[in-house]
Amino acid sequence: ILNVWQPQYTHMFEELVRGPEPWLYAHVQLPGGRDNIGNPEYDLKNETSLAPRTGTLMRVARYEKQPDNRWAVWVQGVSRCRVERALRNMPYARADVRIIPDGEAFSH
């Protein structure tokens, strides 16, 4: 369960659940967290970006908007993914991603 309170991410989930299910998004861990949001060194549109390009494709299973504008979001990891092309970085990052098959899927 995610406790979402930062305005750019509450906005992101608002937009996500406005569309049809399944509600999918890629989670890529940003080093330094919110301190590096908007930092040009971590802009995925920059080919020399310090930001990682691999993450997890997540599915929103359930959500609840809280009275104080926070969101409680139940998520499930679906697959590993890789950022192929960054589309924008503010107010939250958007990108085209590619599913990365797990190696163990090929060993059976």
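Predicted model, so just to flag it, every value in this text is computed and none were measured.

Engineer: Could you clarify how one ought to interpret the packing of aromatic side chains in this entry?
Structural biologist: Each aromatic ring pair is specified by the distance between its two centres and by the angle formed by the two planes. Counted according to the given criterion, the structure contains 4 aromatic pairs. Judged by centre distance (5.3 Å) and plane angle (85°), the ring pair of Phe 13 and Tyr 25 falls under edge-to-face. Within this pair, whereas Phe 13 is found in helix α1 (residues 7–18), its partner Tyr 25 is found in strand β2 (residues 23–27), the two being separated by 12 residues in sequence. Take Phe 13 and Tyr 25: they sit in the same class, and that class is buried. Look at Trp 23 and Tyr 63: their rings are 5.5 Å apart centre to centre, the planes differ by 65°, and that puts the pair in the edge-to-face class.

Engineer: Help me out: how do you make sense of the pattern of salt bridges in this one?
Structural biologist: Where charged atoms of side chains with opposite charge meet at close range, the side chains can pair. Tallied over the full model, the rule gives 5 salt bridges. Arg 62 serves as the salt-bridge partner of Glu 64, at 2.4 Å between the closest nitrogen and oxygen. By relative accessible area, Arg 62 is classed as partly exposed at 42%. For Arg 70, the salt bridge is made with Asp 68, and the minimal N-O distance between the two is 2.8 Å. You can call Arg 70 partly exposed: its relative accessible area is 29%. Relative accessible area serves as the criterion here: at 47%, Asp 68 is assigned to the partly exposed category.

Calculation notes
Residues numbered from 1 in each chain as written. Predicted model: local features only at pLDDT ≥ 70, side-chain atom pairs only at ≥ 80, totals over all residues. Heavy atoms only, no water. Phe/Tyr/Trp six-rings, centres within 6.5 Å; stacked < 30°, edge-to-face > 60°. Helix = DSSP H or I, 4+ residues; strand = E, 2+ residues; numbered from the N terminus. Buried < 20%, exposed > 50% of the residue type's maximum accessible area, 1.4 Å probe, protein only. Salt bridge = Lys/Arg side-chain N within 4 Å of Asp/Glu carboxyl O.

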